[in-house]
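Here is how the chains run, residue by residue.
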Amino acid sequence: MPEKPELSIVVPVYNEAGCLLEFYRRLSGTLNSLGLVYEIIMVDDGSGDGSLEIISRLNAAEPRVKALSFSRNFGHMIALSAGLDFAQGAAVITLDADLQHPPELIPKLVAKWRAGGQVVNTIRKESRGAGFLKNVTASFFYRLINRIAGLSLPANAADYRLLDRRAVDSLKQIRERSRFLRGLTRWIGFRQEFVEFEADRRFAGATKYSLGRMISFAVDGITSFSAFPLRLAAYLGLVTAFFSFLYIIYALYIRIFTRQAIEGWASVLTAVLFIGGVQLIFLGVIGEYLSRIYDETKQRPLYIIDKQIGL
Ligand code: UDP
Ligand code: MG
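S.K.: Even after reading the chapter, I still don't get the overall build of the protein, so can you show me in this structure?
M.R.: Each helix and strand in the protein was counted, giving ten helices and eight strands. For 311 residues, the compact-globule formula gives about 19 Å, and the C-alpha radius of gyration of the protein, at 25 Å, lies well above that figure. Put simply, 83% of the contacts in the protein that link residues at least 6 apart link residues at least 24 apart. Summed over all atoms, the accessible surface of the protein reaches about 17000 Å², with 61% contributed by carbon and sulfur. A distance of 5 Å separates the average location of the 37 positive side-chain charges in the protein from that of its 29 negative side-chain charges.

Next up, the structure:
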């Protein structure tokens, strides 16, 4: 019977065949120098490029490498969550397979954990390889979500973190489907620590986050932590109603006390189109929340596992 691991490493893998061997070489080098009993859980998120074959070869050579393979692509956040469900360690570290999260940082995370940190977050010092646009939109997004959800997330937070067993067990209780882990790992509380690191460029392959996926990631984050967008309609409605009331008084005054006629199909049309546009936008906002309620009520499992290796 193998010893129970002290440290579990959870790695989401989606078409990372070009990265896996180098990733494993650097990761195992660091882990072996730590002198802890560890396990590595690779979560294959429906890869179609032979990533799983590479992982099973790694497992044949080193049984501490274990794997979970989804029946299809379920997404980064779900892959991380599945890894947490299976991890046995007293602490769990999650990091990406593309070597943007340097494994050499692990001893620092472990040191913070030993010093009492229960959630050890990492912050990118500068994102080499991330474009100007990505940096600007990210900083705007974090300012917005912190403001309306009261989260205080740092703008360069990464999904590279250590979680103590208590934090993992708390996260495992959260079964909602929109899983914005950067928010959830703050939301659970516990003693939070921070470590800075310099993100590298991706070792091989291309990013799996297209612009569309990035936007839906941002919308997920906001809708799962705040109802402010819904309330905004009410605020805007109040302001509009207030100004229309003033305008009614003005129109009545002109009609009753002067001989002037109020001009205006252009202003009527503008007002109608403006209000119509605003209403459609807020119908969309309501739709976003509604579709999430719909998704949650279906109560489908978060993921479906096809194969398990060594677990
Ligand atoms: N990933 C995943 N499922 C997905 C998309 C990504 O498991 O649907 C994994 C991917 O293999 C990588 C990590 O999540 O290990 C981060 O993805 P990526 O590097 O493409 O994102 P970026 O660093 O560009 O934001
Ligand atoms: Mg990456």
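Back to the text.
S.K.: Please clarify how the site of ligand 1 should be interpreted in this entry.
M.R.: Around ligand 1 lies a shell of 18 residues, among which Glu 16, Asp 45, Asp 98, Thr 207 and Lys 208 are the nearest. At a separation of 2.7 Å, an oxygen atom of ligand 1 approaches a polar side-chain atom of Gln 100. Compared with its free state, where it exposes 530 Å², ligand 1 has 93% of that area covered by protein. Grouping the constituent residues of the shell around ligand 1 by class yields five nonpolar, five polar and eight charged.

S.K.: Would you mind showing me how to read helix H3 (residues 76-86) here?
M.R.: Turn by turn, an α-helix covers 3.6 residues, leaving residues three or four places apart pointing in a common direction. Counting buried residues in H3 gives ten out of eleven residues, a clear majority hidden from the surface. For H3, every residue scored as buried is listed here: His 76, Met 77, Ile 78, Ala 79, Leu 80, Ser 81, Ala 82, Gly 83, Leu 84 and Asp 85.

S.K.: Explain helix H1 (residues 17-34) here, please?
M.R.: Counted at 1.5 Å a residue, the expected span for H1 with its 18 residues is 26 Å, and the 26 Å between its end C-alpha atoms agrees. The largest bend along H1 measures about 25° and falls at Phe 23. Inspection of H1 places Cys 19, Leu 20, Phe 23, Tyr 24, Leu 27, Ser 28, Thr 30 and Leu 31 among the buried residues, and these make up the whole buried set. Elements in contact with the buried residues of H1: strand S1 (7-13), strand S2 (38-44), helix H2 (51-61), strand S3 (65-70) and helix H4 (106-114). One or two residues past the end of H1 sits Gly 35, with phi positive at roughly 70°.

S.K.: Where do I start with the pattern of salt bridges in this structure?
M.R.: Once their charged atoms are close, side chains differing in charge can pair, the charge on each being opposite to the other. Enumeration according to the criterion identifies 17 salt bridges in this entry. Lys 112 is paired through a salt bridge with Glu 193; the nearest N and O atoms lie 4.0 Å apart. Taken together, the residues Lys 112 in helix H4 and Glu 193 in strand S7 (residues 192-199) connect sequence positions 81 residues apart. What makes Glu 193 buried here is its relative accessible area of 17%. Its salt-bridge partner being Arg 191, residue Glu 193 comes within 3.0 Å of it at the nearest N-O pair. Judged by relative accessible area, Arg 191 falls into the partly exposed class, the value being 42%. When salt bridges that share partners are traced, they join Glu 16, Asp 98, Arg 202 and Lys 208 into one network.

S.K.: I tried to follow the packing of aromatic side chains on my own but got confused; where do I start?
M.R.: The full count for this structure, using the stated rule, is twelve aromatic pairs. Measuring from ring centre to ring centre gives 5.3 Å for Phe 70 and Phe 74, while their planes differ by 80°; the resulting arrangement is edge-to-face. With 6.3 Å between their ring centres and 70° between their planes, Phe 180 and Phe 225 make a pair best called edge-to-face. Remark: Phe 225 occurs in helix H8 (residues 211-225) and Phe 180 occurs in the loop between helix H6 (165-173) and helix H7 (181-187); sequence separation between them is 45 residues. The two residues Phe 180 and Phe 225 agree in class, both being buried. What links up through ring pairs into an aromatic cluster is the set Phe 141, Tyr 142, Phe 180, Tyr 209, Phe 217 and Phe 225.

S.K.: So what exactly am I meant to see when it comes to unusual backbone geometry here?
M.R.: The bulk of non-glycine residues show a negative phi, and the bulk of peptide bonds are trans. Phi is positive for Asn 15, close to 55°, though the residue is something other than glycine. On the secondary structure map, Asn 15 appears in the loop between S1 and H1. Note on Asn 15: relative accessible area 28%, which makes it partly exposed. Phi angles above zero are rare outside glycine, and Ser 152 is one such case at about 50°.

S.K.: Where do I start with empty space enclosed by the protein in this structure?
M.R.: Taking a probe equal in size to a water molecule and rolling it over the atoms shows the remaining empty space. In the structure shown here, the tally under the stated rule is three cavities of 30 Å³ or more. Roughly 70 Å³ of volume is contained in the largest cavity. Together, Asn 121, Thr 122, Leu 153, Pro 154, Ala 157, Ala 158, Arg 161, Arg 182, Thr 185, Arg 186 and Phe 194 line the largest cavity. Among the secondary structure elements, those contributing two or more residues to the lining of the largest cavity are strand S5 (119-127), strand S6 (157-164) and H7. Residues belonging to the lining of the largest cavity are distributed by class as follows: five nonpolar, three polar and three charged.

S.K.: Teacher, can you tell me more about the layout of surface pockets here?
M.R.: Taken as a whole, the largest pocket holds about 1300 Å³ of empty space. Breaking the lining of the largest pocket down by element, the ones donating at least two residues are S1, H3, S5, helix H5 (132-149), S6 and H8. Sort the elements by how many residues they give to the lining of the largest pocket and H5 lands first, with ten residues. Elements that contribute at least two residues to the lining of the second largest pocket include exactly H3, H8 and helix H10 (265-297). For the lining of the second largest pocket, the per-class residue count stands at nine nonpolar, five polar and ten charged.

Quick notes on the rules
- Residues numbered from 1 in each chain as written.
- Chains lettered and ligands numbered in written order.
- Predicted model: local features only at pLDDT ≥ 70, side-chain atom pairs only at ≥ 80, totals over all residues.
- Heavy atoms only, no water.
- Helix = DSSP H or I, 4+ residues; strand = E, 2+ residues; numbered from the N terminus.
- Rg over C-alpha atoms; globule rule 2.2 N^0.38 Å.
- Contact = heavy atoms within 4.5 Å.
- Areas by Shrake-Rupley, 256 points an atom, 1.4 Å probe, with all protein chains shown as cover.
- Lys, Arg positive; Asp, Glu negative; His and termini not counted.
- Charge placed at Lys NZ, Arg CZ, Asp CG, Glu CD.
- Near = heavy atom within 4 Å.
- Polar contact = N/O pair within 3.5 Å; in protein donor to acceptor, adjacent residues only side chain to side chain.
- Nonpolar A, V, L, I, M, F, W, Y, C, P; charged D, E, K, R; others polar.
- Buried < 20%, exposed > 50% of the residue type's maximum accessible area, 1.4 Å probe, protein only.
- Expected span 1.5 Å × (residues − 1).
- Bend = angle between axes of the 7 residues up to and from the residue.
- Salt bridge = Lys/Arg side-chain N within 4 Å of Asp/Glu carboxyl O.
- Phe/Tyr/Trp six-rings, centres within 6.5 Å; stacked < 30°, edge-to-face > 60°.
- 1 Å grid on protein atoms, 1.4 Å probe; cavity = no way out; pocket = protein on both sides within 12 Å on 5 of 7 lines; lining within 4 Å.
- Points joined across faces, edges and corners; volume = space filled by probe spheres on them.

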